[in-house]
Amino acid sequence: MRKPFVAGNWKMNLNLAECRELMAALRKGLPDPLPIDVAVCPPFALLFPIQGEVDGTPIKVGAQNLYPEPKGAFTGEISATQIRDTGATYVIIGHSERRHVIGETGELIGRKIPAALKAGLEVIYCVGEKIEEREAGRTEAVVAEQLNHGLTEDLDWSRLTIAYEPVWAIGTGKTATPEQAQEAHAFIRQELAARYNAEWADRIRIQYGGSVKPDNADALMSCPDVDGALVGGASLKAGDFLGIIQAAIRSAS
Ligand code: PEP
């Protein structure tokens, strides 16, 4: 049985005061004990103060990106060890906004995963197709190529989570149906088993991301291959994020 994992991707939202308010509400509403894993991923500048906000709680902190080199002349970038130094334990890699808004290549994204793992971080690796790729029947080919860029057999798979995030569902209010999500998640698991290691493919957690809200979270997370959620917009509102966490807890029982 895989333990569900819910992570909030705050993107470039919230100032320090707003983050503190959100964290206070999360701390107050979080079930105790917490039978699932929960993380919040603030912008880089807020990693340190948010670490202080989660101390003494089971909530973990993650970054939204990193640069794969250990140090050097990479103005504006941040390394895996610098992220680790803030106390953060997770990093999101390959988010569709990095791929399609910022223009990162699959090759660059692929180099980030071993860099993160080497620094002791856990990775949430995002994959997913654009609407025109889905309509052209290319969903599986696109996702398979992204998996191929990011993953190799020698990685420490116990510190990897995959997030299936169809690009057309991110921030649009259009969620994949539970059937579409299950189909993609099952495909990812089969691909990992066929290409790498069946045991790890069975153990790895695959989150769904794309307009997850409290009212669709139960249906998505009741799918057998959906092991939690990567949540954007709804992670900015304590009530919504807590509602999604409750759905993940129900999916585990
Ligand atoms: C995301 O940014 O990873 C995401 C899934 O966003 P949203 O929940 O807003 O669609």
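See the structure above.
One structure accompanies this document, and this report is about it. (Residues numbered from 1 in each chain as written. Predicted model: local features only at pLDDT ≥ 70, side-chain atom pairs only at ≥ 80, totals over all residues. Heavy atoms only, no water.)

Comments concerning the pairing of strand β4 (residues 90-93)
On a regular strand, each side chain points to the face opposite its neighbour's, so the side chains alternate between the two faces of the sheet.
Reasoning step 1: Here β4 shows a buried face lined by Tyr90 and Ile92 and a second buried face lined by Val91 and Ile93.
Reasoning step 2: Here strand β3 (residues 60-63) runs beside β4; their pairing, made up of 2 bridges, is parallel. Across the sheet, residue Ala63 finds its bridge partner in β4, namely Val91.
Reasoning step 3: Across 4 bridges, β4 lies against strand β5 (residues 122-127) in parallel orientation. Bridge pairing in β5 places Ile92 opposite Ile124. (Buried < 20%, exposed > 50% of the residue type's maximum accessible area, 1.4 Å probe, protein only. Helix = DSSP H or I, 4+ residues; strand = E, 2+ residues; numbered from the N terminus. Pairing = 2+ DSSP bridges.)

What about helix α2 (residues 47-54)?
Reasoning step 1: The buried fraction of α2 is high, at 6 of 8 residues.
Reasoning step 2: Among the residues of α2, those classed as buried are Leu47, Pro49, Ile50, Gln51, Glu53 and Val54.
Reasoning step 3: Looking at the buried side of α2, the elements it contacts are α1 (16-29), β2 (37-41) and β3.
Reasoning step 4: Looking one or two places after α2, you find Gly56, whose phi comes out positive at around 80 degrees. (Contact = heavy atoms within 4.5 Å.)

Notes on unusual backbone geometry
Reasoning step 1: For the peptide bond that leads from Asp32 to Pro33, omega is 5 degrees, which places it in the cis range.
Reasoning step 2: With respect to the helices and strands, Pro33 occurs in the loop between α1 and β2.
Reasoning step 3: The residue Lys11 is not glycine, and still its phi comes out positive at about 50 degrees.
Reasoning step 4: Relative accessible area serves as the criterion here: at 19%, Lys11 is assigned to the buried category.
Reasoning step 5: With a phi close to 80 degrees, Leu14 is a non-glycine residue in the positive phi region.
Reasoning step 6: You can see Leu14 is positioned in the loop between β1 (5-9) and α1.

Comments concerning the layout of surface pockets
Reasoning step 1: There is about 370 Å³ of room inside the largest pocket.
Reasoning step 2: The wall of the largest pocket is formed by 14 residues, among which Lys11, Met12, Gln64, Glu97 and Arg98 lie closest to the centre.
Reasoning step 3: Grouping the constituent residues of the lining of the largest pocket by class yields 7 nonpolar, 4 polar and 3 charged.
Reasoning step 4: A volume near 170 Å³ is recorded for the second largest pocket.
Reasoning step 5: Around the second largest pocket, the lining is made up of 13 residues, and of these Arg99, His100, Val142, Glu145 and Gln146 lie nearest the centre.
Reasoning step 6: The set of elements that each furnish at least two residues to the lining of the second largest pocket consists of α4 (96-100), α5 (106-118) and α7 (139-150).
Reasoning step 7: In terms of residue count, the dominant contributor to the lining of the second largest pocket is α7 (4 residues).
Reasoning step 8: Residue classes in the lining of the second largest pocket are distributed as 2 nonpolar, 5 polar and 6 charged. (1 Å grid on protein atoms, 1.4 Å probe; cavity = no way out; pocket = protein on both sides within 12 Å on 5 of 7 lines; lining within 4 Å. Points joined across faces, edges and corners; volume = space filled by probe spheres on them. Nonpolar A, V, L, I, M, F, W, Y, C, P; charged D, E, K, R; others polar.)

Overview of the site of the ligand
Reasoning step 1: In the vicinity of the ligand there are 14 residues, among which Lys11, Glu165, Gly171, Ser211 and Gly232 approach most closely.
Reasoning step 2: The side chain of Lys11 places a nitrogen or oxygen atom 2.7 Å from an oxygen atom of the ligand. (Near = heavy atom within 4 Å. Polar contact = N/O pair within 3.5 Å; in protein donor to acceptor, adjacent residues only side chain to side chain.)

What about the packing of aromatic side chains?
Reasoning step 1: This structure, assessed with the given rule, holds 4 aromatic pairs.
Reasoning step 2: Ring geometry for Tyr67 and Phe74: centres 4.7 Å apart, planes at 35 degrees, overall tilted.
Reasoning step 3: A ring pair is formed by Tyr164 and Tyr208, whose centres lie 6.4 Å apart and whose planes are at 55 degrees; its orientation type is tilted. Of this pair, Tyr164 sits in strand β6 (residues 160-164) while Tyr208 sits in strand β7 (residues 205-209), and the two are 44 residues apart along the sequence. Accessibility assignment for this pair places Tyr164 and Tyr208 in one class, buried. (Phe/Tyr/Trp six-rings, centres within 6.5 Å; stacked < 30°, edge-to-face > 60°.)

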